Each structure stands twice: as structure tokens, then as C-alpha cells.
Amino acid sequence: MAEEQWRIEVDRGACVGTGLCVGTAFRHMRLDGGRARPVDEIVRPDQAVTDVAESCPMEAITVRNAATGEVLAPEW
Ligand code: SF4
């Protein structure tokens, strides 16, 4: 079986550009035009990614299982 991969999605309409995610997960997030973007959309499982999805004040970051689409973070 292929190694699990995650997909990082940023709702650029919801993001208000606090930069919080970039500060805590600079390997995964960057700012572009005042809004966050993932450095790479598809990543290997890394708790730093789910942590930023949980800590974004706007809940603009969603982490999914890339194969199944299952939402891994944030938890509702
Ligand atoms: S923490 Fe959330 S609101 Fe702040 S820059 Fe990142 S995605 Fe945007």
C-alpha cells in the first residue's frame, strides 16, 4: 500500500492573513498576497500540519487524507 499522504487546503476567502500558521509551521505554510498558501499541497503526515489547522483562528486551513478526502483537521 502506498504511504499515506495529506492534502492541505486553505480557504483564501476565510484567511485574514494573520501569519500565525506561517510562524508555527514555516515548512508548510507561506504568505502570498497577504493570504496563506501551503508550500506544498500534498505532504507526508506531520503533526505540525494538523496543529496549524486546529490553531487557525478563522478555521481557514483544512487537512485531508489525500486519497480518501477524509477531513483530519480541524476537528469540529
Ligand atoms: S492562521 Fe489562518 S487566518 Fe492566519 S494566515 Fe494562517 S490560514 Fe490565514
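Residues numbered from 1 in each chain as written. Predicted model: local features only at pLDDT ≥ 70, side-chain atom pairs only at ≥ 80, totals over all residues. Heavy atoms only, no water.

A.B. asks: So what exactly am I meant to see when it comes to the pattern of salt bridges here?
C.D. replies: Two side chains bearing opposite charge may form a pair once their charged atoms approach each other closely. Under the definition given, this model contains four salt bridges. Residues Glu 3 and Arg 44 are paired through a salt bridge, measuring 3.3 Å at the closest nitrogen-oxygen approach. Taken as a pair, Glu 3 in the segment before strand E1 (6-10) and Arg 44 in the loop between strand E4 (42-43) and helix H2 (47-55) lie far apart in primary sequence, 41 residues in all. Across the pair, Arg 44 and Glu 3 agree in class, each one exposed. (Salt bridge = Lys/Arg side-chain N within 4 Å of Asp/Glu carboxyl O. Helix = DSSP H or I, 4+ residues; strand = E, 2+ residues; numbered from the N terminus. Buried < 20%, exposed > 50% of the residue type's maximum accessible area, 1.4 Å probe, protein only.)

A.B. asks: Sorry if this is basic, but what is going on with the environment of Val 39 here?
C.D. replies: Mapped onto the fold, Val 39 is located in the loop between strand E3 (35-38) and E4. Under the relative-accessibility criterion, Val 39 is labelled partly exposed at 36%. Placed 20 residues apart in sequence, Val 39 and Gly 19 show a C-alpha to C-alpha distance of 14 Å.

A.B. asks: So what exactly am I meant to see when it comes to unusual backbone geometry here?
C.D. replies: Comment: phi is negative for the bulk of residues other than glycine, and the bulk of peptide bonds are trans. For the bond running from Ala 73 to Pro 74, omega is 0 degrees, close enough to zero to count as cis. Residue placement: Pro 74 occurs in the segment after strand E6 (71-73).

A.B. asks: What is the right way to look at the pairing of strand E2 (residues 29-32) in this model?
C.D. replies: Two strands pair when backbone bridges link them, and E2 and E3 are joined in this way by four bridges, in the antiparallel orientation. Paired with Met 29 across the strands is Pro 38, a residue of E3. (Pairing = 2+ DSSP bridges.)

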